[in-house]
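# Survey of secondary and tertiary structure
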Amino acid sequence: MAPTTTPTISSIATLSTSDLMEEAAAASRQLAALSGRIVLLAAELERREAWRDEGATSIEAWLSERCAVSPATARAWAHVGNRLFDLPRLAGGLCDGAVSFDQVRAVVDAARPDNEAALVAHASECSVRQLAEVAKAAAPTRASTSSPAREHENRSVRFNDDCRTVTAQLPAETYAEVRGGLEMRAKQIPSDGETRWDQRLADVLVSLVRTPRSTDEPSAQSPYVVVAHVPLRTLTDEDSELAGELEQRGLIDAVVARRLACDATVVVALDDDVGHTMYEGRARRDPTPTQRRELWRRDRHCRFPGCTNAIFVNPHHLRWWKRDRGKTDLDNLALLCEHHHHLVHTRAWRLEGDASGELSFVGPSGRVMTSRPSPLWTRVSAPDRSVQKR
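Residues numbered from 1 in each chain as written. Predicted model: local features only at pLDDT ≥ 70, side-chain atom pairs only at ≥ 80, totals over all residues. Heavy atoms only, no water.

## Some details on the packing of helix α2 (residues 17-48) against helix α3 (residues 59-66)
To keep things clear, this is the line we draw: Helix axes use the C-alpha atoms of the stretch in contact, all axes being lines fitted to C-alpha atoms, and the angles between their N-to-C directions lie in the range 0 to 180 degrees. Only DSSP runs of H or I reaching four residues or more are called helices, and only runs of E reaching two or more are called strands; each is numbered from the N terminus. An angle below 35 degrees is read as roughly parallel, one above 145 as roughly antiparallel, one from 65 to 115 as roughly perpendicular, and any other as oblique. Should the near helix be turned anticlockwise from the far one by less than a right angle, the crossing is left-handed, and should it be turned clockwise, the crossing is right-handed. Residue contacts follow a heavy-atom distance rule, with two residues in contact if any of their heavy atoms lie within 4.5 Å. Three categories are distinguished: nonpolar for Ala, Val, Leu, Ile, Met, Phe, Trp, Tyr, Cys and Pro, charged for Asp, Glu, Lys and Arg, and polar for the others, with Gly belonging to the last.
It is at 10 Å that the axes of α2 and α3 come closest, and there the two elements cross at 130 degrees. Judged by the inter-axis angle, α2 sits oblique to α3. Both α2 and α3 take part in a crossing whose hand is right-handed. Residue-level inspection shows A42, L45 and E46 of α2 in contact with α3, the latter providing I59, W62 and L63. Class assignment of the residues belonging to the contact of α2 with α3 gives a composition of five nonpolar, no polar and one charged.

So, in structure tokens, the structure goes:
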């Protein structure tokens, strides 16, 4: 059953169960067709490198900003679209709605011109999980593509701040060493019958990080620093419920903030009622260490819309220090990566606004993109704009 009008909650509630199921299936086919179109559009934009016209560093960054999707979704669109350019039958099945995006994604890396027709046929009778198994069987064996040198080059540790997860990719022998070491230590922890095995492994991992550098100095402090920004009133008033924030990690409640204040391994940065002393005016060109720390807490990464570069970034004066006599004040400083810093300084792009409020990036085509501070920074300790700057 194809929808004839724009659905609303009330109109959907009047449908029979059979109609609901039919319409959901029809909508999923439409979604697949639209997915096929967007990934092929993305692939053509990538082929032309058209994303450079709007200041993006990659097709993934452009999709993330322009289409308002997550970096993971943007990467999936770009990857699938790039592969489908050489796989017309698989692309056709997706654009016709005969196969879903998840089905195509499961097999696209194993698909070749000589087997894509069979994979499309499998899609009509296999689940996504089953298709992944088919693709795995069709792919080259790991033994033929892997080597100790390649495994070493592919080692990595990645942090997901939103989910607070750590993912490691290790060479075989290192993986066995790490797993064996963690499990051995976890088995030495007495079990109370309630703490799960995976929780005990997590406790062991944390204990290794907290171990002092020298075992000869039991009182040595941990070399790893965690910064918590806490409103002053949270520590001085036990009834205060003002939130704090673990630097670049998220909000914490007042109870946790007061507990962290007693922990010598945690630096507590007290935030006063007027939002810090973040104004240096013309007294100096380079931001102070305190200003740099606050810039990181406010911006998190490059402020160019869609750019997630958080490593190679530097403070940029919106009103330039020399040319515009700009001030080294928090609202005149924004983090920019090397690429976007270069775009602004070559005057290909204009940057205007208040860095602690809303920034506007104006491109050569005249398109305006906006950027705002982290909502966590705004919620916890955005500066009081009534404060007089010197």
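## Notes on the pattern of salt bridges
Opposite charge on two side chains allows them to pair when their charged atoms are near. Just so we agree on the cut-off: The working definition used for a salt bridge is a side-chain nitrogen of Lys or Arg within 4 Å of a carboxyl oxygen of Asp or Glu. Note on classification: 1.4 Å probe, protein chains only; a residue is buried when its accessible area is under 20% of the maximum for its type, exposed when over 50%, partly exposed between these limits.
Inspection of every chain in the model, using the stated rule, returns 16 salt bridges. Salt-bridge contacts for E49 lead to R52; the nearest nitrogen and oxygen are separated by 2.9 Å. With relative accessibility at 39%, the residue E49 sits in the partly exposed group. The exposure class assigned to R52 is partly exposed, which follows from its relative accessible area of 47%. A salt bridge links R298 to D299, with the nearest nitrogen and oxygen atoms 2.7 Å apart. Take R298 and D299: they sit in the same class, and that class is buried.

## Digging into the sheet that holds strand β11 (residues 368-371)
Applied cut-off: For two strands to be treated as a pair, DSSP must find no fewer than two bridges joining them.
Strand order across the open sheet formed by three strands is β9-β10-β11, with antiparallel pairing between neighbours. Unpaired on one side and paired on the other, β9 (350-353) and β11 mark the two borders of the sheet. On average, adjacent strands in this sheet sit at an angle of 25 degrees to one another, irrespective of strand direction. With four bridges connecting them, β9 and strand β10 (residues 359-362) associate as antiparallel partners. The partner of E352 across the bridge, within β10, is S360.

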